[in-house]
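In case you want the letters, here they are:
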Number of protein chains: 2
Amino acid sequence: MILPTFNDIKEAHERIQPYIHRTPVLTSESVNRLLGAELFFKCENFQKVGAFKFRGACNAVFSLTEEEAAKGVGTHSSGNHAAAVALASRLRGIKARIVMPVTAPDIKKKAVAGYGAEITYCAPTLEARETTLQQLIDKHGITEIHPYNNFRVISGQGTAAKELIEETGNLDIIMTPVGGGGLLSGTALSAKALLPNCRVIAAEPAGADDAYRSFNAGRIIPSTQPNTIADGLLTSLGEMNFAVIQQSVDDIVTVSEEAIVEAMRMIWERMKIIIEPSSAVPVAALLEKKIQPEGQKIGIILSGGNVDLGKLPF
Amino acid sequence: MILPTFNDIKEAHERIQPYIHRTPVLTSESVNRLLGAELFFKCENFQKVGAFKFRGACNAVFSLTEEEAAKGVGTHSSGNHAAAVALASRLRGIKARIVMPVTAPDIKKKAVAGYGAEITYCAPTLEARETTLQQLIDKHGITEIHPYNNFRVISGQGTAAKELIEETGNLDIIMTPVGGGGLLSGTALSAKALLPNCRVIAAEPAGADDAYRSFNAGRIIPSTQPNTIADGLLTSLGEMNFAVIQQSVDDIVTVSEEAIVEAMRMIWERMKIIIEPSSAVPVAALLEKKIQPEGQKIGIILSGGNVDLGKLPF
């Protein structure tokens, strides 16, 4: 298995720069005071489609040869990755076929259709999703863009940490949430290349702690019945992601559901920005003192801002 | 009555620059598409204390002579102005006495006390507030900082539009909400000085339309039983504010409660930032086509972001 390097992230950055937002890095004196550290928040909640996912999808779509592009791309996803692939494809002017479970939220279906992608509905199981996508691949010769276990996707996600570090300079710690590991692996590659002494620490809900267990066991242990409000973190680690994580991540910590909601509310109230529960997971780790923040300069990637305002946890 | 000029706003800006946030100007392609204009949002929801009010309070507090400062300042307010005066006073190291109605939300009382101000509670009527404040003035010789009908406060509020225009360059229209008129009068002074052809348009809830009626009648007509979700806009125009508005504001339009909630939700969902209902009022005017936005470059000052997350209108 060939893993991406920081060089691939630099190439990805040049490739996607015309299409992505260079999102701001925000700070908050009151949050710093409450958590006892100097925090720098990379606001991927302001990224196109409302999540960092657009970076990886964009890099994958714009890396295709003309021949591949002509056949189109496909993926299965009920969430942000589907919208990201759909928008990136529209920007390149190619066809995107998205497999979505019939149970996906209407707002997500609408977003994907609104970007001009073709949706194929399937039963809400991983097997049905994979089978349906395989049929589309066999029939149309489309290129699959996996949401995280993909060289180009990891390279694209790594551009968020690259931008963050370009803006902040030295950091003692850089933190992300971890689900499939796309953001974490890309972040670790950028961090270790640009700041060799910076520690890379991921945070994960205790109710979906497959990355924590895999990291400590030294082999991938898939999720069984994950349960957390952080709905972006339900997936299990990908192989390519895990290989990078083993090489370059310093620690993975877990947090409670209560701390996730408290951290989310703190960021909304103090910083006046909307983040989704998954984004609050690293902040929750600081709240619960899972790492010692005192006097540290810590960069946190806020992964996304897509929440259903009708179903808030407070 | 001597009115402030743009020169006073420039002086205010130099005075308060070390203390305020230079808030970002955000744009959103999807909001532009929905409203049919090119919009530039000046994010005073990210200002200290969560509202533009800090600019005016800061200018008033730091304009005091040493002798005045030694005696302290005072105001009556149940909202953002109270917190703004309290924080500005703490930064200058002087005493602030705030008269608050006993009915003020706990969170506001805590914020003011947290900044080290001394709170005097009174009955929840304008008369009780004014009498109580006058007693403090008589007893302690404090300087009153009125929330909007005040030369230094207007000059401070005008710095938000100055920063906005410095960043955007030419604008066809600049919009603010209007309550007492502090933000609107300061904005109009900056806009007309920097962009003589820019139209200044205020938006006001139809349920609290004293500024609209006063503007059209040519004399101040105070609010009677104002009723709107935009709780920052319940007050009636101040005299100094009205004088500036008559000279420099091009139009005032009114909007429905439904449009305010819809506009607020649109900004939350599309821009991932938290704005309070008052901030959504100019956006509501575009939604309701109270002005023709097509092809215009429009600057909008988002006045604040203090909302009770437990009592959202959606």
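Up top is the structure.
Note that the structure is a prediction, hence the values are computed from the model and not measured. (Residues numbered from 1 in each chain as written. Chains lettered and ligands numbered in written order. Predicted model: local features only at pLDDT ≥ 70, side-chain atom pairs only at ≥ 80, totals over all residues. Heavy atoms only, no water.)

Account for the relation of the copies chain B and chain A, with residues named and values stated.
Superposition of chain B onto chain A requires a rotation of 180° combined with a translation of 0.0 Å along the rotation axis, giving an RMSD of 0.0 Å. Here the symmetry operator amounts to a two-fold rotation axis. Residues of chain B ranked by C-alpha distance from the rotation axis are headed by Ile-273 of chain B, positioned 2.1 Å from it. Most of the interface of chain B is mirrored in chain A, where 100% of its interface residues are also at the interface. (Least-squares fit on C-alpha atoms with pLDDT ≥ 70 in both. Contact = heavy atoms within 4.5 Å.)

Any chance you could break down the pattern of salt bridges for me, citing the residues and the numbers?
Residue and element names in this part refer to chain A. Evaluated as defined, the whole model comprises 28 salt bridges over all chains. For Lys-109, the salt bridge identified is with Asp-106, shortest N-O distance 3.9 Å. With Lys-109 and Asp-106 both in helix 6 (residues 106-114) and three residues apart, the pair spans about one turn of that helix. Here Asp-106 falls in the exposed class, since its relative accessible area comes to 55%. A salt bridge links Glu-294 to Lys-289; its shortest N-O distance comes to 3.4 Å. What emerges from the salt-bridge pattern is a single network uniting Lys-42, Glu-44, Arg-55 and Glu-163. (Salt bridge = Lys/Arg side-chain N within 4 Å of Asp/Glu carboxyl O. Helix = DSSP H or I, 4+ residues; strand = E, 2+ residues; numbered from the N terminus. Buried < 20%, exposed > 50% of the residue type's maximum accessible area, 1.4 Å probe, protein only.)

Now, about the side chain of Asp-210 of chain B: what can you tell me, with residues and values included?
All names here are of chain B. Summarising the element assignment, Asp-210 is placed in helix 10 (residues 210-217). A distance of 3.1 Å separates a polar atom in the side chain of Asp-210 from a polar atom in the side chain of Ser-223. If we ignore the near neighbours within four places in the chain, the residues touching Asp-210 are Glu-204, Ile-221, Pro-222, Ser-223, Thr-235, Ser-236 and Leu-237. (Polar contact = N/O pair within 3.5 Å; in protein donor to acceptor, adjacent residues only side chain to side chain.)

How would you explain the packing of helix 3 (residues 53-63) of chain B against helix 8 (residues 151-168) of chain B if you had to name every residue and give the values?
Residue and element names in this part refer to chain B. The contact between helix 3 and helix 8 brings their axes to 7 Å, and the two run at 130°. Considered as vectors, helix 3 and helix 8 are oriented oblique to each other. Note on packing geometry: the crossing formed by helix 3 with helix 8 is right-handed. Packed against helix 3, whose contacting residues are Lys-53, Arg-55, Gly-56, Asn-59, Ala-60 and Ser-63, the element helix 8 presents Arg-152, Val-153, Ser-155, Gly-156, Gln-157, Thr-159, Ala-160 and Glu-163 at the interface. Residue composition of the contact of helix 3 with helix 8, grouped by class: three nonpolar, seven polar and four charged. (Axes fitted to C-alpha atoms, helices over the stretch in contact; angles between N-to-C directions. Parallel < 35°, antiparallel > 145°, perpendicular 65-115°, else oblique. Left-handed = near helix turned anticlockwise from the far one by under 90°. Nonpolar A, V, L, I, M, F, W, Y, C, P; charged D, E, K, R; others polar.)

Remember that the coordinates give geometry; whether it matters functionally is a separate question.
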